[in-house]
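Below, each chain spelled out in residue letters.
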Amino acid sequence: MSATPPERPESDADAPVQLQLTQALERARIAIAWERSWPYLGRLLSVVGLFLVASWVGLWLALPSIARAIGLALFALAALAALFPLIKFRWPSREDGLARLDRGSGIRHRPATALTDTLSTQDPMARALWLVQRERTLSSLNKIRAGLPSPRLAIHDPWALRALVVVLLFATWIAAGGERGTRIMAAFNWNGVLAPANVRVDAWVTPPLYTGKPPIILSAANKDAADAAVLPVPAGSTLIVRSSGGALDVVLTGGVSEVAPAAEAPKGTSEKHFAIAADGTAHVRAPSGQPLWKFTATADRAPTISLAKDPERQARGSLQMSYKLEDDYGVTEAHAQFAARASDAKGAKPRPLFDAPSFSLVLPNARTRNGVGQTVKDLSEDPYAGAEVTLTLTAKDEAGNEGKSEPFNTRLPERLFTKPLPRALIEQRRILALDANQNGQVALALDALMIAPEAFTPEAGQYLGLRSVSSQLDRARTDAALREVVASLWSLAVTIEDGDITDVDKALKAAQDALKQALERGASDEEIKKLTENLRAALDNFLKQLAEKMKQNPQQLARPLDKNTKVMRQQDLNNMIERMERLSRSGDKDAAKQLLEQMQQMLENLQMAQPGQQGDGEMEQALNELGDMIRKQQQLRDKTFKQGQESRRDRSRNGKPEQGMGDLQQDQQGLRDRLKKLQDQLAKQGMGQGQKGQKGQKGEKGQGGQGEQGQQGDPGDGDGDGDGLGDADSAMGDAGGRLGEGNADGAVDSQGKALDALRKGAQSLAQAMQQGEGEGQSDGPGNNPGRQQSGGRESDPLGRPLHGRELGDDLTVKIPGEIDVQRVRRILEELRRRLGDTTRPQLELDYIERLLKDY
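I tried to follow the overall build of the protein on my own but got confused; where do I start?
On a plain count of helices and strands, the protein comes out with 26 helices and 18 strands. For the protein, buried positions account for 38% of its 855 residues. Pairs at least 24 apart in sequence give 71% of the contacts found in the protein among residues at least 6 apart. Summed over all atoms, the accessible surface of the protein reaches about 48900 Å², with 53% contributed by carbon and sulfur.

How should I be thinking about the nonpolar core in this particular structure?
Grouped burial of nonpolar side chains is what soluble globular proteins tend to show. Core analysis: the biggest nonpolar cluster contains 27 residues, and L425, L432, L446, L466, L473, L482 and V485 have the highest contact counts within it. Within the residue set of this core, elements represented by two or more residues are α11 (420–434), α12 (439–449), α14 (460–475) and α15 (479–497). It is α15 that contributes the most residues to this core, 10 residues altogether. Core analysis: the next-biggest nonpolar cluster, separate from the first, contains 26 residues, L626, L636, L678 and L682 among them.

Quick question: what am I supposed to make of α14 here?
Between its first and last C-alpha atoms α14 spans 23 Å; for 16 residues at 1.5 Å apiece the expected length is 22 Å, and the two agree. Restricting attention to buried positions, one finds in α14 the residues Q462, Y463, G465, L466, V469, S470, Q472 and L473.

What is the right way to read the pairing of strand β13 (residues 388–397) from this model?
Every regular strand shows the same layout, with side chains that alternate between the two sheet faces. Most of β13 sits out of view: 9 of its 10 residues are buried. Here 9 bridges tie strand β10 (residues 319–340) to β13, and the two strands are oriented antiparallel to one another. Opposite A336, over in β13, you have L393 as the bridge partner. Strand direction decides the pairing type here: β13 and strand β15 (residues 408–411), joined by 4 bridges, are antiparallel. Among the inter-strand pairings, T390 is bridged to a residue of β15, identified as N409.

Whenever I open this one, the side chain of S405 confuses me. Can you help?
Inspection of the secondary structure puts S405 in the loop between β14 (402–404) and β15. Within the local environment of S405, its side chain forms a polar contact with the backbone nitrogen of L393, the two atoms lying 2.8 Å apart. In this view, S405 contacts I305, S306, T392 and L393; residues no more than four positions away in its chain are not counted.

Even after reading the chapter, I still don't get the packing of α11 against α12, so can you show me in this structure?
In the contact formed by α11 and α12, the axes pass within 9 Å of each other and the chain directions differ by 170°. Taken together, α11 and α12 sit at an angle that is classed as roughly antiparallel. Facing α11, whose interface residues are L421, A424, L425, Q428, I431 and L432, α12 presents N439, Q441, V442, A445, L446 and L449. Broken down by class, the residue content of the contact of α11 with α12 amounts to 9 nonpolar, 3 polar and no charged.

Help me understand the pattern of salt bridges in this model?
Close approach of charged atoms allows side chains of opposite charge to pair. For the structure shown, the criterion picks out 13 salt bridges. A salt bridge links K309 to E312; its shortest N-O distance comes to 3.5 Å. Of the residues examined, E312 reaches a relative accessible area of 32% and is grouped as partly exposed. Between E414 and R430 there is a salt bridge, with its nearest N and O atoms 3.2 Å apart. Here E414 is found in the loop between β15 and α11, whereas its partner R430 is found in helix α11, with 16 residues between them in sequence. Looking at R430, the relative accessible area reads 10%, which means it is buried.

How should I be thinking about the packing of α11 against α15 in this particular structure?
How two helices sit against one another is set out by the angle between their axes and by the gap between those axes. At a closest axis distance of 9 Å, the pairing of α11 and α15 adopts a crossing angle of 165°. Viewed along their axes, α11 and α15 adopt a mutual orientation that is roughly antiparallel. In this structure, the crossing between α11 and α15 has a hand that is left-handed. The residues of α15 that touch α11, namely those facing L421, P422, L425, I426, Q428, R429, L432 and A433, are L482, V485, V486, L489, W490, L492, A493, I496 and E497. Of the residues contributing to the contact of α11 with α15, the split by class is 14 nonpolar, 1 polar and 2 charged.

Would you explain the environment of V331 in this entry?
By the secondary structure assignment, V331 is in strand β10. With relative accessibility at 0%, the residue V331 sits in the buried group. In this structure V331 touches P303, L325, E326, L363, A366, R367, T368, A395 and K396, once residues within four positions along its chain are discounted.

Help me understand the packing of aromatic side chains in this model?
Each aromatic ring pair is described using two quantities: the centre-to-centre distance and the angle formed by the ring planes. The tally for this structure, following the rule as stated, stands at 6 aromatic pairs. With a centroid separation of 5.9 Å and 75° between ring planes, the pair formed by Y210 and Y329 is classed as edge-to-face. Of this pair, Y210 sits in the loop between β1 (200–206) and β2 (216–218) while Y329 is found in strand β10, placing the two residues 119 residues apart along the sequence. Note on Y210: relative accessible area 14%, which makes it buried. Accessibility expressed as a relative area gives 8% for Y329, which makes it buried.

It is not clear to me how the confidence of the model for the protein should be interpreted in this structure. Could you clarify?
Do not read the fine detail of predicted coordinates wherever pLDDT is low. This prediction gives the protein a mean pLDDT of 75; 71% of its residues lie at or above 70. Here residues 611–615 is modelled with pLDDT under 50, and outside its nearest four sequence neighbours on either side it reaches 6 contacts, counting other chains as well. Confidence drops under pLDDT 50 across residues 689–722; counting only partners more than four residues distant or on other chains, this segment forms 47 contacts.

Could you clarify how one ought to interpret the environment of R429 in this entry?
In this structure, R429 sits in helix α11. Taking the C-alpha atoms as reference points, R429 and A493, separated by 64 residues in sequence, lie 9.7 Å from one another. Every residue in contact with R429, bar those within four places of it in the chain, is listed here: E381, D382, P383, V486, L489 and W490.

What should I look at first to understand α15 in this one?
Residues lying three or four places apart along an α-helix face the same way, a consequence of the helix completing one turn every 3.6 residues. Compared with an ideal rise of 1.5 Å per residue, which puts 19 residues at 27 Å, α15 spans 27 Å between its outermost C-alpha atoms and is within 8% of the ideal. All of the buried residues along α15 are A481, L482, V485, V486, L489, W490, L492, A493, V494, I496 and E497. On the buried face of α15, the contacting elements are α11, α12 and α14.

Please clarify how a nonpolar patch on the surface should be interpreted in this entry.
Together, I66, I70, L74, L77 and L80 give the surface a local cluster of nonpolar side chains, amounting to about 520 Å² of exposed area. In this fold, L77 is placed in helix α3 (residues 65–83).

Criteria and cut-off values
Residues numbered from 1 in each chain as written. Predicted model: local features only at pLDDT ≥ 70, side-chain atom pairs only at ≥ 80, totals over all residues. Heavy atoms only, no water. Helix = DSSP H or I, 4+ residues; strand = E, 2+ residues; numbered from the N terminus. Buried < 20%, exposed > 50% of the residue type's maximum accessible area, 1.4 Å probe, protein only. Contact = heavy atoms within 4.5 Å. Areas by Shrake-Rupley, 256 points an atom, 1.4 Å probe, with all protein chains shown as cover. Core = buried A, V, L, I, M, F, W, Y, C linked by side-chain atoms within 4.5 Å. Expected span 1.5 Å × (residues − 1). Pairing = 2+ DSSP bridges. Polar contact = N/O pair within 3.5 Å; in protein donor to acceptor, adjacent residues only side chain to side chain. Axes fitted to C-alpha atoms, helices over the stretch in contact; angles between N-to-C directions. Parallel < 35°, antiparallel > 145°, perpendicular 65-115°, else oblique. Nonpolar A, V, L, I, M, F, W, Y, C, P; charged D, E, K, R; others polar. Salt bridge = Lys/Arg side-chain N within 4 Å of Asp/Glu carboxyl O. Left-handed = near helix turned anticlockwise from the far one by under 90°. Phe/Tyr/Trp six-rings, centres within 6.5 Å; stacked < 30°, edge-to-face > 60°. pLDDT = per-residue confidence, 0-100. Patch = residues over 30% accessible without salt bridge, like charges linked within 9 Å, V, L, I, M, F, W, Y side chains within 5 Å.

Following this line, the structure appears as structure tokens:
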């Protein structure tokens, strides 16, 4: 037999066998080739893996260009050394494949080789034996396998270093993150090695625009200083790095993060932007040779704002606030926010009809870093005027940081109404505006004001106005309708108080408001010019009217002026208007608005400085303050009485002694401080001297013809109000001490004495005011005590003229008519009905009980 394989199978029956054998032979040769080449390929892959590990760990970024080139060359040599043995590689022969199939079948006598043999003799016996052997070999053909390749790496790598390379690859792949490609390409950045490259790196820090700071240039020339120094920058600054001639790779730590650039980089450059929100570092590692920049982010502090002094009431009821502003980069806006002070009384929560006032404050500069500002705001028409409020000032900078002042409790100034009826209407307006739930009490008060109209509201227009507002309140069912009632109350009170107000004052105020609103919204120069012309014309008319009024009071003009008095001419006001217009045209709207407010304040002072008005205004303000204190003292007495009842009930149930009343004591001390402040103001105004006690009135003659000598007045302590305010101060101090001891009954008694003393002081102050108005008039025999005479007419102790009654007229009290009696009866019935309603607050029931006792 010959071992040489035939060119083709001997018969068609052997064709499938030969095909199967040929396929197995090819697989065997491929497996042998893999086993021969894999050890060398494994070494090459290990070199490539180590290169990737070195790249992803950042080795090339830390090395200069020359070192990168050397390192890359070493890896290339290692790769070539790993591939060098492949030069001797030979593809496996057919015999190698058959030998592998023979070994893989596990059958003796080389079955794969036997199938490829041919018979070279024609001997019948030999041929028969050959056929039998071939059939046996064919039956075992399915056992012939090429088998899987076996590279036997353990022989070539006994220390399993290949596993270490795989672990390092996985770890550095995760650590490199999105910079994998950049770090690999850094190995091929050989700028300056093969040929000098024109590479330039520029970096600078741009602070936020609102800081007003210039950009900070970072230079790579001073590398040592840059590496050692920590650069302070404002938080929110932007680091810009620009490279020309090479790719950028920047490593960041801390609060430095990459952001999208606002604009495209110049052509031929690579640029990146980074936000500096907190302390951190930035290191440009490609191109190489750049320093490490360390940044300390300076946070933008919130602005601070505080009252420079307590808010002050201006001559005509405006509120003047002075405040101190401070910020590291400048305050851009400030606001004043008011909130109604919560009442200590139990019951339903108040339901205000209007929001508390809030308005913008004038800044000394457009960006105030440190300064004192002043704002004058007319809140006299606001429903909260005269109410106890809490003031909070807020300031903001351009970064959005906000600072707030400490809450300050104050009382909003209100317009001074000299006539009793408007004052009562304004008080009811404030009550309704601050709590819509009090509409029933306001309706009751309006009904009470319409009792005996011939005595208190003799003018038909005033009575009809009261009747109209009362009917409007009865029909009001929604908050919107109640707000209309509030507006009607204000209109009626102003009409009664200023029935003869001129249109000149209205036109001047309207011109000022229109110009102020135009400046706030940034109106055009043409509109500003037109409004300033209107203001100039209104101001001329106002000054002409003022001159006419002064001519009508020549005796007042004859009074000498104080040496410190500043004289203001019409030309001065015109110059202010012209300057205001120039500032507006130049774009400085804030300065123009501030100048307008200064002129408005000067005009208010000018109006109140008219002869014969300032003193009366100050005394009216003092009377209003006393009236508010009397109301507060009455409320505090009611609270003390109620808490004393609750304490007694608790003591009877639990046997516990009475506890101190700290909150009530603080409120009582606050009223006492207000009283002392008022006494000091009266003394400074010259109304606290000159009355060293008053003589008592002479006693009337008795039945025996003997007259009892009138009781002499006690010598005063110098207070213009007699002993009233001084006694009130002593009684308030005694009430505060008893409240601290928890003695509610004693405190109520002392508070009652304080109320009587306050009323006495208010009466003395009103009499002094009437004496000032009637100065130069002597008391005639027909004069009635407690009534002011003016031009042959009399007025009641509250200053209301008794219209249609000349001196000597019958001033007896007129008996109310049937309609008036019925109205009084209805009011009394309503009070008794509410007193029987046990679900009402105890404070309200006690108050109604005291009202009914007076009847």
